[in-house]
Protein chains: 2
Amino acid sequence: MKTKATLLTIGDEILIGQIVDTNSAFIAQHLNQIGIEVEEILSVKDELFHIIEAFQRGIEKSDVVIVTGGLGPTKDDKTKTALCQFLNCGLIREEKVLENIVQLFASRGYTKELNNLNHDQALIPEKSTFIQNRYGTAPCLWTAVEDKIIINLPGVPFEMKGLMRDEIIPRLKNQLSSEVIVHRDILVSGIPESDLAILVEEWENEIPDFISLAYLPNRTSIDLRFSAFGQNEVELQNAIQHQIEKFKEIAGQYLLSEHSGKPQQILGEILIQKGLTLSTAESCTGGNIASLITSISGSSNYFSGAVVSYATSVKTSVLGVSQDAINEFTVVSEQVVEQMAKGACKVMNTDLAIATTGVAGPNKGEDNKAVGTVWISITNGDKTINKKFYYPYLDREDFIKIVSNNALNLAIQFVKENY
Amino acid sequence: MKTKATLLTIGDEILIGQIVDTNSAFIAQHLNQIGIEVEEILSVKDELFHIIEAFQRGIEKSDVVIVTGGLGPTKDDKTKTALCQFLNCGLIREEKVLENIVQLFASRGYTKELNNLNHDQALIPEKSTFIQNRYGTAPCLWTAVEDKIIINLPGVPFEMKGLMRDEIIPRLKNQLSSEVIVHRDILVSGIPESDLAILVEEWENEIPDFISLAYLPNRTSIDLRFSAFGQNEVELQNAIQHQIEKFKEIAGQYLLSEHSGKPQQILGEILIQKGLTLSTAESCTGGNIASLITSISGSSNYFSGAVVSYATSVKTSVLGVSQDAINEFTVVSEQVVEQMAKGACKVMNTDLAIATTGVAGPNKGEDNKAVGTVWISITNGDKTINKKFYYPYLDREDFIKIVSNNALNLAIQFVKENY
């Protein structure tokens, strides 16, 4: 039997769209790795009735309910009260929680008497056990409800993450004899989703029941995700690999990567393998490509740096783009993007460089190029590819995201073809 | 009566944590702006039983149910089948959907016969009306269920966003006579959340019922959010302002900003107001600060660019940091961060610059400084503030995020104090 989990997030800030719920994805990923399947994710208001009803729903549907948020010291934090009502129990004081709060305040430079609200944080539902939170003032709660478990975590992401990693995952792994879940993504490109589905229909119908397949289309490619459930991780991995071999016989020409992942991850791996260094020169992506590259641990081994040349003057003064080219062709042109890329290679002394220039909008650029126009260049000083894209319908955020992804994908392709 | 909405997201990719559900925050924000309150957000699997049960729950709890995902052409897309079962009706063909698909394929450079799956996309539940989707192949569905509404949108973010903006929000605004919701955040700093709550307790108890208050603690500050419901937007704004004036009498010394927002937004507004320009020199933040600044539309008016000096050689060659300072103090030092900031001002010819250097981890930096150590500098060439922080427990992503936020907040403070 698969162990099932429900994730509950408590807090109005999610329901008004003020913050994006990144906690649930983190928790789901980590549960998956120990074979626990997330049944559903539910976000409800900071109101007693809603929280209690959500506990009830979670317990009915799942073996483990992981709750984030609503544990703070202020009036809008109602999770502990709701838990007591749900469990039909009172609160008891845990002095060790207070000791932790005193220590935390001291480390943040507050030396003060604890107030009533701090004292309230040390009150724990009688039927729960607490787990010390060295990242913040609200303790984590672990409550057995018959043969099921409710776990309460603070909603502040770095506190939640620390507690999940240090405490919750090891304990769950210990208590539950779970099946293993293996996921693997492959990346397909150059064929519409519907045509791909028809091409591989027979193969798809014969995939055994313990493996499921999902199509995750992006703008320029499709992720095919295999998920397999069973007892033995290696056997599951082999079974998926076997399916991928069959897929290759039918649709191998569309397979871009057998191990799909974020392009910054894939690019990093290839650069390390080939011993190449990289820099970026970014205009419309504003540093986002550099930010994606440096989000990968170990990127300092191949990434030297970036010049974000938002102002035209930085394009000429730092990257050495010629003023004549800008005057003749405008800043959003093949000539300028190529000079930016070559300039980055030279200034930062790297084997390769990526450059972007375009109009992210919503306002037109200085030379009145249409919003959505963008040039990307990849160069090694000797060989260069320049490519134009046009995304008129995207908002600023999506435009930057898609251009960055395209640039990273082009760089992967460039390295594969030239090294 | 407030109009209530439930948001449903369909798709295993959210439940395994492969993607973060950013759609719900976007939809919630836009509903809020037209006075529709989101009751809950629920993410369920691509399975008929779960989807149908979620429709039922949404309709019971809310006036409007907005569903994203599961409308694609492949086998794992089951939302339309689930909707038919829920509505107890069949499918009919809409030729106009096919015309749209042909047009879309042509614009993407595919000229091909439509296949069966494309034809299936033109099948619409008999009880639904369709709304053309010029961003993708799956049409949007609008279904009246007695006096309630179910709206189905594709899960691909840029398709969903375009349809929400162009079609859904205008239609909902037209159909529903909603109350207005006004949110306003203020930013408080320098006092623990619990002490603040005690300090303002009397005031908080006397806030009228139509205004609610929430505490949203961050690592270095607290957002206080006021939400007011009523008929008249201006009256609600005035009522909140009145409460803020009272708050200022009691706790004014802790108020950092009367209009809280993302620091990159606040900084941008101040820079425009004071007519100042900015650049960044980033090591450990890897371009993330530049990326945040340029995420704001209009940032090209004050942001000239960035040098991401990931490699030490870029610190010396592009930013002009002295090799002696690096040898003597290491790259993670007050001396180096200050030289980076001053170098950025000079190289990119800006009034101000922000610089960061630190060890994001998980591996130690080249000079063996402990993971989590970071220096931030803000300078105008003449005056400079340098500040050291230490975050040993954070993962790479959070470290970069928190250092970037701190840097932006320091820059806001610097401008406020010096201009």
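Conventions adopted
Residues numbered from 1 in each chain as written. Chains lettered and ligands numbered in written order. Predicted model: local features only at pLDDT ≥ 70, side-chain atom pairs only at ≥ 80, totals over all residues. Heavy atoms only, no water. Helix = DSSP H or I, 4+ residues; strand = E, 2+ residues; numbered from the N terminus. Buried < 20%, exposed > 50% of the residue type's maximum accessible area, 1.4 Å probe, protein only. Contact = heavy atoms within 4.5 Å. Lys, Arg positive; Asp, Glu negative; His and termini not counted. Charge placed at Lys NZ, Arg CZ, Asp CG, Glu CD. Least-squares fit on C-alpha atoms with pLDDT ≥ 70 in both. Pairing = 2+ DSSP bridges. Axes fitted to C-alpha atoms, helices over the stretch in contact; angles between N-to-C directions. Parallel < 35°, antiparallel > 145°, perpendicular 65-115°, else oblique. Left-handed = near helix turned anticlockwise from the far one by under 90°. 1 Å grid on protein atoms, 1.4 Å probe; cavity = no way out; pocket = protein on both sides within 12 Å on 5 of 7 lines; lining within 4 Å. Points joined across faces, edges and corners; volume = space filled by probe spheres on them. Nonpolar A, V, L, I, M, F, W, Y, C, P; charged D, E, K, R; others polar. Buried area = accessible area lost by both parts, 1.4 Å probe. Salt bridge = Lys/Arg side-chain N within 4 Å of Asp/Glu carboxyl O. Polar contact = N/O pair within 3.5 Å; in protein donor to acceptor, adjacent residues only side chain to side chain. Disulfide = S-S within 2.5 Å. Expected span 1.5 Å × (residues − 1). Bend = angle between axes of the 7 residues up to and from the residue. Domains from an automatic or database assignment. Right-handed = clockwise from strand over helix to strand, strands pointing away. Phe/Tyr/Trp six-rings, centres within 6.5 Å; stacked < 30°, edge-to-face > 60°. Lys NZ or Arg CZ within 6 Å of the ring centre and 35° of its normal.

(A) The arrangement of the overall build of chain A in detail. Within chain A one finds 16 helices and 17 strands. Counting all 419 residues of chain A, 59% fall into the buried class. Considering only contacts within chain A whose residues lie at least 6 apart along the sequence, 68% involve residues at least 24 apart. Within chain A, one finds 37 positive and 53 negative side-chain charges whose respective centroids are separated by 4 Å.

(B) Molecular detail of the relation of the copies chain B and chain A. You can overlay chain B on chain A at an RMSD of 0.1 Å; the transform is a turn of 180 degrees with a shift of 0.0 Å along its axis. What we have between these two chains is a two-fold relation. Of the interface residues in chain B, 99% have counterparts in chain A that sit at the interface too, so the contact is made through matching surfaces.

(C) Fine view of the sheet that holds strand 11 (residues 222-230) of chain B. Residue and element names in this part refer to chain B. Taken together, the 4 strands give an open sheet; going across it, the order is 10-11-9-12, and neighbouring strands pair in antiparallel fashion. Because the sheet does not close on itself, it has two edges, and the strands there are strand 10 (211-217) and strand 12 (255-257). The mean angle between the axes of side-by-side strands here comes to 35 degrees, regardless of whether they run parallel or antiparallel. Direction of pairing for strand 9 (residues 180-188) relative to strand 12: antiparallel, over a ladder of 2 bridges.

(D) Representation of the sheet that holds strand 17 (residues 384-390) of chain A. An order of 17(A)-16(A)-15(A)-13(A)-14(A)-14(B)-13(B)-15(B)-16(B)-17(B) is seen for the 10 strands of this open sheet, with the pairing classed as mixed. Bordering the open sheet on either side are strand 17 of chain A together with strand 17 (384-390) of chain B, each of which pairs with just one other strand. Averaged over all neighbouring strand pairs, the angle between strand axes comes to 10 degrees, with direction disregarded. Bridge analysis of strand 13 (residues 278-282) of chain A against strand 14 (residues 303-309) of chain A gives 5 bridges, and the strand direction is parallel. From the neighbouring strand, T280(A) faces strand 14 of chain A, where its bridge partner is A306(A).

(E) Molecular detail of the packing of helix 11 (residues 263-274) of chain A against helix 16 (residues 396-418) of chain A. All names here are of chain A. Packing of helix 11 against helix 16 leaves a shortest axis separation of 9 Å and a crossing angle of 25 degrees. On the basis of the axis angle, helix 11 is roughly parallel to helix 16. For the element pair helix 11 and helix 16, the recorded crossing hand is left-handed. Here P263, Q264, I266, L267, I270, L271 and K274 of helix 11 come into contact with helix 16, specifically with N405, L408, N409, A411, I412, V415 and K416.

(F) Region of interest: empty space enclosed by the protein. Under the counting rule described, the total for this entry stands at 1 cavity of 30 Å³ or more. Empty space within the largest cavity amounts to approximately 130 Å³. Of all elements in the fold, only helix 2 (23-33) and strand 2 (36-44) of chain A together with helix 2 (23-33) and strand 2 (36-44) of chain B reach the threshold of two or more residues within the lining of the largest cavity. Classifying every residue of the lining of the largest cavity gives 10 nonpolar, 4 polar and 2 charged.

(G) Fine view of the pairing of strand 3 (residues 64-68) of chain B. All names here are of chain B. Counting buried residues along strand 3, 5 of its 5 residues qualify, which places the element largely inside the surrounding structure. Residues V64, I66 and T68 point to one face of strand 3 and V65 and V67 to the other, with burial holding for every one of them. Two strands pair when backbone bridges link them, and strand 1 (residues 3-10) and strand 3 are joined in this way by 5 bridges, in the parallel orientation. When the bridges of strand 3 are listed, T6 appears paired with V65. Here strand 3 runs beside strand 8 (residues 148-153); their pairing, made up of 5 bridges, is parallel. Within the sheet, the bridge partner assigned to V65 lies in strand 8 and is I150.

(H) Summary view of the interface of chain B and chain A. Each partner contributes to the interface: chain B provides 100 residues, whereas chain A provides 99 residues. In this assembly, chain B packs against chain A so that about 8000 Å² is buried in total across both faces, 53% of it on carbon and sulfur atoms. Taken together, the connections running from chain B to chain A amount to 15 salt bridges. Applying the counting rule to chain B against chain A returns 44 residue pairs in polar contact (both at pLDDT 80 or more). If you tally residues by element for the side of chain B that touches chain A, the top one is strand 2 of chain B, at 8 residues. Where strand 14 of chain A lies against strand 14 (residues 303-309) of chain B, 5 bridges are found, and the strand directions are antiparallel. From the neighbouring strand, V307(A) faces strand 14 of chain B, where its bridge partner is V307(B).

(I) Broad picture of the packing of helix 3 (residues 48-61) of chain B against helix 4 (residues 79-87) of chain B. All names here are of chain B. Between helix 3 and helix 4, the least distance of the axes is 9 Å, while the angle of their chain directions is 55 degrees. The angle between helix 3 and helix 4 falls in the class oblique. The element helix 3 and its partner helix 4 pack so that their crossing is right-handed. Two secondary-structure elements touch here, helix 3 through L48, I51, I52, F55, Q56 and I59 and helix 4 through T79, T81, A82, L83, Q85 and F86.

(J) Region of the structure containing the pattern of salt bridges. All names here are of chain B. Scanning the model with the defined rule gives 34 salt bridges over all chains in all. A salt bridge links E167 to R171, with the nearest nitrogen and oxygen atoms 3.0 Å apart. With E167 and R171 both in helix 7 (residues 157-175), this residue pair falls 4 residues apart, about one helical turn. Exposure remark for E167: the relative accessible area of 23% places this residue in the partly exposed category.

(K) Highlighting the environment of K246(B). In this structure, K246(B) sits in helix 10 (residues 233-251). Sequence-wise, K246(B) and V200(B) are 46 residues apart; in three dimensions their C-alpha atoms are separated by 9.7 Å.

(L) Quick peek at the state of the cysteines. Summed over the entire model, instances satisfying the criterion amount to 0 disulfides over all chains. Residue C84(A) stays outside any disulfide, its sulfur separated by 4.5 Å from that of C89(A), the closest cysteine. Of the residues examined, C84(A) reaches a relative accessible area of 8% and is grouped as buried. Free of any disulfide, C140(B) has its nearest neighbouring cysteine sulfur in C84(B), separated by 15 Å.

(M) View of helix 7 of chain B. Residue and element names in this part refer to chain B. In this model helix 7 runs 25 Å from its N-terminal to its C-terminal C-alpha over 19 residues, within 8% of the 27 Å that 1.5 Å per residue would give. The sharpest bend along helix 7 measures roughly 50 degrees and falls at M164. Taken residue by residue, helix 7 has F158, E159, M160, K161, G162, L163, M164, I168, I169 and L172 as its buried positions.

(N) Representation of the domain arrangement of chain A within the structure. Taken domain by domain, chain A comprises domain 1 (3-175), domain 2 (181-257) and domain 3 (263-418). Distance from the C-alpha centre of domain 1 of chain A to the C-alpha centre of domain 2 of chain A: 37 Å.

(O) Geometry of the side chain of D77(B). The residue D77(B) is located in the loop between strand 3 and helix 4 in this model. Summary of buried charges: D77(B) has no salt-bridge partner, and the nearest side chain of opposite charge, K78(B), is 9.1 Å away. Of the polar contacts made by the side chain of D77(B), one reaches the backbone nitrogen of G72(B); its length is 3.5 Å. In contact with D77(B), other than residues within four places in its own chain, are E193(A), G70(B), L71(B) and G72(B).

(P) Molecular detail of the pairing of strand 13 (residues 278-282) of chain B. All names here are of chain B. Within strand 13, 5 of the 5 residues are buried, which leaves the element mostly enclosed by the surrounding structure. Burial of the side chains of strand 13 extends over both faces: L278, T280 and E282 are buried on one face and S279 and A281 on the other. After leaving strand 13, the chain enters helix 12 (residues 288-293) and then returns to the sheet as strand 14, a path that is right-handed. Two elements, strand 13 and strand 15 (residues 352-358), share 5 bridges in a ladder whose sense is parallel. Following the sheet pairing, T280 is matched in strand 15 by I354.

(Q) Up close: the side chain of D46(B). Structurally, D46(B) can be placed in the loop between strand 2 and helix 3. Buried within the structure, D46(B) lacks any salt-bridge partner; R225(A) is the closest side chain of opposite charge, at an N-O distance of 5.8 Å. With residues near it in sequence (within four places) discarded, D46(B) still touches I10(B), G11(B), D12(B), E13(B), I51(B), D76(B) and K78(B).

(R) Local environment of the packing of aromatic side chains. Residue and element names in this part refer to chain A. Counted by the stated rule, this structure contains 12 aromatic pairs over all chains. Centroid distance Y135 to F158: 6.5 Å. Interplanar angle 90 degrees. Geometry classified as edge-to-face. Linking Y135 in the loop between strand 6 (128-131) and strand 7 (140-145) with F158 in helix 7 (residues 157-175), this pair joins segments that are 23 residues apart in sequence. Joined through ring pairs, the aromatic side chains of W203, F226 and F247 make up one cluster. Note that K2 overlies the ring of F229, its terminal NZ or CZ placed 3.6 Å from the centroid.

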